[in-house]
Amino acid sequence: MDLVEFCERLSRKCGYPIACFGHAGDGNIHVNLMAKDYQQGQGRLSQVQKALDELFRQVLAWGGVITGEHGIGLAKERWWPQATSQVNRDVHAILKTALDPEGILNPGKFVGTKI
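Residues numbered from 1 in each chain as written. Predicted model: local features only at pLDDT ≥ 70, side-chain atom pairs only at ≥ 80, totals over all residues. Heavy atoms only, no water.

(A) Representation of the overall build of the chain in the model. When you go through the chain residue by residue, the secondary structure sums to four helices and two strands. Sequence-ordered secondary structure for the chain, helices as α and strands as β, is α-β-β-α-α-α. Across the 115 residues of the chain, 23% fall into the buried class. Considering only residue pairs separated by 6 or more positions, the chain has 40% of its internal contacts joining residues 24 or more positions apart. (Helix = DSSP H or I, 4+ residues; strand = E, 2+ residues; numbered from the N terminus. Buried < 20%, exposed > 50% of the residue type's maximum accessible area, 1.4 Å probe, protein only. Contact = heavy atoms within 4.5 Å.)

Right, here's the structure in full:
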C-alpha cells in the first residue's frame, strides 16, 4: 500500500496520472506514469524523467526493484546503473555474448552493447 500511496502523492506533485497494477499477490506491481506526448518537448520529457527519478529512487530505497518479469527494458535503461551492481551488469553482458555471439537477438538493445 505504501507504493500506491506514494504514487498518489507523486501524481498530485507532477500533475500526471499514475496507474498501479499488476501481480499484487507476488508483490510485482507495475507503475505507469501516464504522460501523453511526453517526448514532444524537452520540458515535458524533463518533467516526466524527474517524476520517474523520484519514483525509482523510492522503490530502490524500499529494497524493491525497477524490473518486472520482462526485465529492465529500454525505457528504464537510464536507471539500470542505480538498480543493480556493476557485477550484475557485467554478468548480463557476458550472458548476452555467450547466448548471442553474433549479436542478432534484439540488435541495438542495451544489454551487451552499451554497458
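(B) Here's a closer look at the packing of helix α1 (residues 2–14) against helix α2 (residues 42–61). Remark: α1 packs on α2, axes separated minimally by 11 Å, with the N-to-C direction vectors making an angle of 160°. As far as their axial angle goes, α2 and α1 are roughly antiparallel. Every pair of crossing elements has a handedness; the one defined by α1 and α2 is right-handed. Touching L3, F6, C7, L10, K13 and C14 of α1 are A51, E54, L55, Q58 and V59, all from α2. For the contact of α1 with α2, the per-class residue count stands at eight nonpolar, one polar and two charged. (Axes fitted to C-alpha atoms, helices over the stretch in contact; angles between N-to-C directions. Parallel < 35°, antiparallel > 145°, perpendicular 65-115°, else oblique. Left-handed = near helix turned anticlockwise from the far one by under 90°. Nonpolar A, V, L, I, M, F, W, Y, C, P; charged D, E, K, R; others polar.)

(C) Spotlight on α1. Helix length check: α1, at 13 residues, gives a terminal C-alpha distance of 18 Å against a target of 18 Å (1.5 Å per residue), a fit within 8%. Of the residues one or two after α1, G15 is the one with positive phi, at around 85°. (Expected span 1.5 Å × (residues − 1).)

(D) A look at the pattern of salt bridges. Counted by the stated rule, this structure contains three salt bridges. When the shortest N-O distance is used, the salt bridge between K13 and E54 registers 2.9 Å. Of the two residues, K13 sits in helix α1 while E54 sits in helix α2, which places them 41 residues apart along the sequence. Take K13: its relative accessible area is 61%, and that puts it in the exposed class. (Salt bridge = Lys/Arg side-chain N within 4 Å of Asp/Glu carboxyl O.)

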